[in-house]
Amino acid sequence: MINTFDSLRNRDFRFLVFGMISMIGGMNIQMLARSQLGWDLTSSSLAVTLVGVGFAPPMLIFSIFGGVVSDRFDNKNIIQLGQLGVISITSFIAISIFTDTITIYHLIIVSFFQGTFWAFMMPARQAIIAELVDDNQLNNAISLNAAGMSLTTMISPAIGGLVYHYFGPGMTYVLITFFCIIAIISTSMIPSTKSKNNKKPAMFREIKDVLSLLKNNSLLMYLILLALVTTLLTMPTRTLFAPYASENLSGGALQVGLMLASIGGGALLGTLIAASIPQNSKKGKYILITSIISGFSILILGFSSITIFSIFICFFLGLGDAGRRSLNPSLIIEKTPAEYRGRVMGFYAMSFGFIPIGAIPMGIIADKYGVDISFIFSGIALIIFTILLSNRKVIKS
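What this report covers is the structure whose coordinates are included nearby. Keep in mind that what you see is a predicted model, and the values were worked out from it rather than measured.

Notes on helix H2 (residues 45–53)
Extensive coverage of H2 is indicated by the burial of seven of its nine residues. Among all positions of H2, only Ser45, Ala47, Val48, Thr49, Val51, Gly52 and Val53 are buried. For H2, the capping residue at the N-terminal end is Ser44, with a side-chain oxygen 3.4 Å from the backbone nitrogen of Leu46.

What to know about the environment of Gln255
Positionally, Gln255 belongs in helix H11 (residues 253–275). Separated by 68 residues in sequence, Gln255 and Thr187 have C-alpha atoms that sit 33 Å apart. A distance of 2.7 Å separates a polar atom in the side chain of Gln255 from the backbone nitrogen of Gly252.

Looking at the pattern of salt bridges
The final tally for this structure, using the stated rule, is four salt bridges. One salt bridge in this structure joins Asp321 and Arg238, with 2.3 Å as the shortest N-O distance. Pair noted here: Asp321 is in helix H13 (residues 307–334) and Arg238 is in helix H9 (residues 218–239), with a separation of 83 residues, a long-range link. Comparing Asp321 with Arg238, the two get one shared label, buried. Taking the shortest distance from any N to any O, the salt bridge between Glu334 and Lys335 comes out at 3.9 Å. Taking relative accessible area as the criterion, Lys335 reaches 34% and is therefore assigned partly exposed.

What about the packing of aromatic side chains?
Summed over all chains, the structure comprises eight aromatic pairs. Look at Phe241 and Phe375: their rings are 6.3 Å apart centre to centre, the planes differ by 55 degrees, and that puts the pair in the tilted class. With a gap of 134 residues between them, Phe241 in helix H10 (residues 241–248) and Phe375 in helix H16 (residues 371–389) connect regions that are remote in the sequence. For Phe375, a relative accessible area of 0% gives the class buried. Between Phe312 and Phe316, the aromatic rings sit 5.2 Å apart at their centres with planes inclined by 75 degrees, giving edge-to-face as the arrangement. A residue pair is termed a helical-turn pair when its members lie 3 or 4 positions apart in one helix, as Phe312 and Phe316 do in helix H13 at four residues. The class of Phe312 is partly exposed, set by a relative accessible area of 45%.

Each value, and the rule that gives it
Residues numbered from 1 in each chain as written. Predicted model: local features only at pLDDT ≥ 70, side-chain atom pairs only at ≥ 80, totals over all residues. Heavy atoms only, no water. Buried < 20%, exposed > 50% of the residue type's maximum accessible area, 1.4 Å probe, protein only. Helix = DSSP H or I, 4+ residues; strand = E, 2+ residues; numbered from the N terminus. Polar contact = N/O pair within 3.5 Å; in protein donor to acceptor, adjacent residues only side chain to side chain. Salt bridge = Lys/Arg side-chain N within 4 Å of Asp/Glu carboxyl O. Phe/Tyr/Trp six-rings, centres within 6.5 Å; stacked < 30°, edge-to-face > 60°.

Okay, structure coming up:
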């Protein structure tokens, strides 16, 4: 069995993970801040949902192009340019808050631009891992990368909730910008990845090639569909945590921060377990089990009106996240030829672009019938769809 922290012996991978921890830490605080700020500005679950899913359309439109760019250019430079873009928009929101010009439309528009940057960063961030570590460390490295994300999900929302509660949204966005600056400094310590072959066919030909690959590889197609379903039905619940805390728990930003922190704790445990799984192990069955755990967790949250119990259930929601965050992308990269990895991960990133298909109906249901009914519907749907998407090839993979 591989050592749980084996890939962290690699100096370049350590800098990548530290930069990712800082970046995702800032983004987790931003998830809390923009949701709570949207709720404070409008008191509308649908408006909060629109803020939360504003990033999705560009993820849907641009992720495959982000994958092509990843296969063509230096992934380090792609990541850093995206980080600079995120710093610019978080600074803009901070200034808007301090000048008292902030509106719900600022949050929606900025969310759209953030999605554009992530559409290029996400495929590059996944593909660069395979360039920095040995093949036998790939599952370990991807799982530890996900564990770092989970650690920040556990710690940063609690910090963000405290800062928002005691110092307001303006200082919260200053903190987010600081985290992003640390990220770009850390990423700059990584050497440029090996040069790519510039003699590439036209971009749309490259997209056609990867579509042919997915068409002829049913396992990759099932894994991407599973990623789509789990993302579609789990991520929108986060956008509704602010109204959920208000309506079901009689709370606010602090309770949202604690729930997000609990999700991070569960995901951290799950991803560390995933990091200990040997490279040649069958990971498919674990992916399906974690998706079912997520579904039951969301379902139970819909029935809870007790803060401490909701926080406890969020731990298992995070545990279910381990499949989506680590095992699924690890298996996708493992089963994808090296020259296609950026583009295939671009399709994987596109799953985030479909979030509005789940989030907007959930927001409408929450406004009309309550957030609890919305959660119950989402949990049941996730359980059913995961069972329907279960496939022998996935289980045996």
